[in-house]
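# Fold and contact review
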Amino acid sequence: MSLKKKDYISREKLESLQLKRLRETVERAYYLVPFYRKKFEEAGVSPEDIQTLEDLQRLPFTVKQDLRDNYPFGLFAVPLEQIVRIHSSSGTTGKPTVVGYTDHDMKVWQEVMIRTYLMADVNEKDIVHNAYGYGLFTGGLGFHDAAQALGATVVPASGGFTKRQLMLMKDFGATILCCTPSFALHLAEVAKEEGYDLQKDFKLRAGFFGAEPASEGLKKTVAETWGIRYVEAYGLSEIIGPGVAATCEHGHLHIFEDHFIPEIIDPQTGEVLPDGEEGELVITTLTKQALPMIRYRTKDITVIHREPCPCGRTILYIENIKGRSDDMLIVNGVNVFPSQVEHVITRIEGLTPNYVIVVDKKGVLDKLEVWIEVDEKLLKDGPGTLETLKKKIEEDMLNNLFINAKVKLVEPKTLERSMGKAKRVVDRRELNI
Ligand SMILES: [Zn+2]
């Protein structure tokens, strides 16, 4: 498969291709989008200043608010006649962010999504059950188009209707599952309730999970529960949708670098950090026509690795996304990501991966509570066991995250389930006076 070969390009070839494409993208942005021209002029840079890949650092950042300020089509670099698809993020506050694709952009998107599927060698024999939401969200159609282009049989299940989805997965013999990791767990939970045998009744061999951060522990739980290979599909609509990066057989999240240049910055100062240091991921698109993105701040916290991966791919990889800088909680001065709490929980026997973090204020101090559902078996062991378990989790949180969290163990199936992206944090501090 020739597309797969693109992941193994020589670094020398890759870097010269990146530079050529970067210069084209910067010119496109500067000459066709007044917003970029103004920002570049304010920063005192012009397209001619981009002579090497390092010169990228001279360009200003782009943030989500810039898309909102230019709502709906202000950042497009082509006239609307050339736009063949519009997607949009769910705007929980204010205007949503709108993204557009030319026919060429759709081909690029399909290519990177095919390369994502090839991480688990998806082919025409596969039956792809796609439970990402269809519609303005990029997940549904992004996974759909590429699976169809590969010749696989696509089942456009979309979100919700859990019991019906299970029936279809079993009856149609789905081999590939595409959804959020939290929905994969929800499907497994309902399947058990309905009396399915997860290994015998289903033919799944791999799943493509994304659209929300998941800890290594949670990924392992999903993979083991279903008995499948877990492939992470990382992306964001502002960049292209899913298809920015995907995990190889060694669990490394490779970025499709011939289309996207990643950088890691200090989220406070904006300074570019050396490889191996943790910070905010910034991405520049190299091949997008309709919506070129220059140094887009993703808010996702991770680390870049350039050392060779045993899979042989030459494109670099990033570490598991630790969380979004937006989701980071500061509890009595200590930084906490929900994914770190999740990692602790998923390593302890007797707990389910269903949890909620509740932050409150008591006097001047922040108070953090973690509500976790225990599994049925444990409930039968009585209050003594629960008390011991509670202490153990609190100790683990203190040792691993350096926070004093209070743990509340709740009965199975009492916390709200998500049909799409999971809501893990309830911050009540702003409500207090
Ligand atoms: Zn690899």
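Residues numbered from 1 in each chain as written. Predicted model: local features only at pLDDT ≥ 70, side-chain atom pairs only at ≥ 80, totals over all residues. Heavy atoms only, no water.

## Here we look at the overall build of the chain
Applied cut-off: Put simply, DSSP H or I for four residues or longer makes a helix, DSSP E for two residues or longer makes a strand, and each gets a number counted from the N terminus. In this treatment the radius of gyration is a C-alpha quantity, and the globule benchmark scales as 2.2 Å times the residue count to the 0.38 power. Here, two residues are considered to be in contact whenever any of their heavy atoms come within 4.5 Å of each other. For the purpose of counting charges, residues Lys and Arg are taken to be positive, whereas Asp and Glu are taken to be negative. His and the chain ends are not included. Every charge is mapped onto a representative atom, which is NZ of Lys, CZ of Arg, CG of Asp or CD of Glu.
Along its length, the chain carries twelve helices and 21 strands. Computed over its C-alpha atoms, the radius of gyration of the chain comes to 22 Å, within 12% of the 22 Å expected for a compact globule of 433 residues. C-alpha extents for the chain along the principal axes are approximately 70 × 55 × 40 Å. Of the contacts made within the chain by residues no fewer than 6 positions apart, 66% connect residues no fewer than 24 positions apart. Within the chain, one finds 56 positive and 64 negative side-chain charges whose respective centroids are separated by 3 Å.

## Describing the pairing of strand E18 (residues 351–362)
Each regular strand displays side chains that alternate between the two surfaces of the sheet. What counts, and what does not: Three labels apply to residues, based on accessible area from a 1.4 Å probe with only protein chains included: buried if under 20% of the type maximum, exposed if over 50%, partly exposed otherwise in between. Strand pairing follows a simple DSSP-based rule, namely that at least 2 bridges must link the two strands.
Counted residue by residue, E18 has ten buried out of twelve residues, so it is predominantly covered. Between the antiparallel neighbours E18 and strand E19 (residues 365–374) lie two residues, among them Gly 363 with a positive phi of about 65°.

## Quick notes on the coordination of the zinc ion
So the rule is basically this: Coordinating donors are taken to be N, O and S atoms lying within 2.8 Å of the metal, or within 3.2 Å when the metal is Na, K or Ca; because water is excluded from the atom set, some sites may appear incomplete. Square planar and octahedral assignments, for four and six donors respectively, both demand that opposite donors be over 155 degrees apart and that all other angles lie between 65 and 115; tetrahedral needs four donors with all angles between 85 and 135 degrees, and anything else is irregular.
Coordination of the zinc ion by the protein comes from Cys 248 (SG), His 254 (NE2), Cys 309 (SG) and Cys 311 (SG), over a distance range of 2.1 to 2.3 Å. Each of the four donor atoms bound to the zinc ion contributes to angles spanning 102 to 116°, and the resulting shape is tetrahedral. Site description for the zinc ion: donor spacing in sequence, C-x5-H-x54-C-x1-C. Placement of the pair is Cys 248 in the loop between strand E8 (241–247) and strand E9 (253–255) and Cys 309 in the loop between strand E13 (304–305) and strand E14 (317–318), with a sequence separation of 61 residues. Just as Cys 248 is buried, Cys 309 falls in that class too.

## Details of a nonpolar patch on the surface
Which entries qualify depends on this criterion: Surface patches are drawn from residues lacking salt bridges whose relative accessible area is over 30%; two like charges belong together within 9 Å, two nonpolar side chains (Val, Leu, Ile, Met, Phe, Trp, Tyr) within 5 Å. Here the Shrake-Rupley method, with its probe set to 1.4 Å, supplies the accessible areas, and only the displayed protein chains count as covering residues. What counts as a salt bridge is simple: a side-chain nitrogen of Lys or Arg found within 4 Å of a carboxyl oxygen of Asp or Glu.
Together, Phe 73, Leu 80, Ile 86 and Leu 136 make up a nonpolar patch on the protein surface, roughly 340 Å² of accessible area in all. Checked against the element boundaries, Leu 136 lands in the loop between strand E3 (127–130) and helix H6 (138–149). With a relative accessible area of 53%, Leu 136 lands in the exposed category.

## What to know about the packing of aromatic side chains
Describing an aromatic ring pair means giving the distance of the ring centres and the angle of the ring planes. Put simply, the test is: Aromatic pairing here means that ring centres of Phe, Tyr or Trp (its six-membered ring) are within 6.5 Å. Orientation follows from the plane angle: under 30 degrees is stacked, over 60 is edge-to-face, and everything else is tilted.
The final tally for this structure, using the stated rule, is 13 aromatic pairs. Look at Phe 202 and Trp 226: their rings are 5.3 Å apart centre to centre, the planes differ by 80°, and that puts the pair in the edge-to-face class. Residue Phe 202 is found in the loop between helix H8 (181–193) and strand E6 (206–209), and its partner Trp 226 is found in helix H9 (residues 216–226); the two are separated by 24 residues along the sequence. Here Phe 202 matches Trp 226 in class, with each residue buried. With a centroid separation of 4.7 Å and an interplanar angle of 40°, the aromatic rings of Phe 209 and Tyr 230 are classed as tilted.

## Comments concerning the side chain of Thr 162
Under the convention used in this document: Side-chain atoms alone can form a polar contact between residues adjacent in sequence; in general such a contact is a pair of N or O atoms within 3.5 Å, and within protein one must be able to donate a hydrogen while the other accepts it.
Take Thr 162: it is sitting in helix H7 (residues 162–172). Within polar-contact distance, the side chain of Thr 162 engages the side chain of His 186 at 3.4 Å.

## A short note on the packing of H7 against H8
This is how the line gets drawn: Axes here mean lines fitted to C-alpha atoms, for a helix over just the part in contact, with angles spanning 0 to 180 degrees between N-to-C directions. Roughly parallel means an angle under 35 degrees; roughly antiparallel means over 145; roughly perpendicular covers 65 to 115; every other angle is labelled oblique. Residue polarity follows a fixed list, in which Ala, Val, Leu, Ile, Met, Phe, Trp, Tyr, Cys and Pro are nonpolar, Asp, Glu, Lys and Arg are charged, and the others, Gly among them, are polar.
Between H7 and H8, the least distance of the axes is 10 Å, while the angle of their chain directions is 85°. With respect to each other, H7 and H8 are oriented roughly perpendicular. Within the contact between the two elements, H7 uses Thr 162, Lys 163, Gln 165, Leu 166 and Met 169 and H8 uses Phe 183, His 186, Leu 187, Val 190 and Ala 191. Counted by class, the contact of H7 with H8 contains six nonpolar, three polar and one charged residues.

## Notes on helix H3 (residues 34–43)
Test applied: Our arc is simply the arc of the directions from the helix axis toward the C-beta atoms.
Of the positions making up H3, those classed as buried are Phe 35, Tyr 36, Lys 39 and Phe 40. Seen end-on, H3 carries its buried residues on one side only, within an arc spanning 125°. Opposite its buried face, H3 presents the exposed residues Pro 34, Lys 38 and Glu 42, each directed more than 90 degrees away. Gly 44, located one to two residues past H3, shows a positive phi value of around 70°.

## Quick look at the sheet that holds strand E7 (residues 229–236)
Judged by pairing direction, the sheet is mixed, and its nine strands sit side by side in the order E4-E3-E5-E6-E7-E8-E9-E14-E13 without closing on themselves. Of all the strands in the sheet, the pair left with one neighbour each is strand E4 (153–155) and E13. Direction of pairing for E6 relative to E7: parallel, over a ladder of four bridges. Across the sheet, residue Phe 208 finds its bridge partner in E7, namely Val 231. The strands that H8 touches are strand E5 (176–179), E6 and E7; relative to E5, the one it contacts most, it runs at about 120°.

## Structural notes on the nonpolar core
Using the following cut-off: We define the nonpolar core as a collection of buried residues of types Ala, Val, Leu, Ile, Met, Phe, Trp, Tyr and Cys that are connected through side-chain atoms lying within 4.5 Å of one another.
The biggest cluster of nonpolar side chains holds 80 residues, and the ones touching the most others in it are Tyr 117, Phe 208, Tyr 234 and Phe 260. Looking at this core element by element, the count peaks at seven residues for helix H5 (residues 103–117). If we ignore the near neighbours within four places in the chain, the residues touching Phe 208 are Thr 116, Tyr 117, Ala 120, Val 122, Tyr 132, Phe 143, Ile 176, Leu 177, Cys 178, Cys 179 and Val 231. Judged by nonpolar contacts, the second largest core, of 25 residues, contains Val 336, Ile 345, Val 370 and Leu 378.

## Looking at the sheet that holds strand E20 (residues 405–410)
Ordered in space as E20-E19-E18-E21, the four strands form an open sheet in which the pairing is mixed. Two strands bound the open sheet, and with one partner strand each, they are E20 and strand E21 (425–427). Neighbour to neighbour, the strand axes of the sheet diverge by 20° on average, direction disregarded. Here E19 pairs with E20 via six bridges, running parallel. Within E20, the position partnered with Glu 369 by the bridge is Lys 406. Its contacts with the sheet put helix H10 (residues 338–346) on E18, E19 and E21, and the angle it makes with E18 is roughly 135°.

## Observations concerning unusual backbone geometry
Going from Tyr 71 to Pro 72, the amide bond is cis rather than trans, its omega being -10°. Along the chain, Pro 72 turns up in the loop between helix H4 (64–69) and strand E1 (83–88). Even without a glycine there, the phi angle at Asn 332 is positive, about 50°. Following the sequence through the fold, Asn 332 ends up in the loop between strand E16 (329–331) and strand E17 (334–336). Not every positive phi belongs to a glycine, and Lys 413 is a case in point at roughly 60°. Looking at the secondary structure, you find Lys 413 in the loop between E20 and E21.

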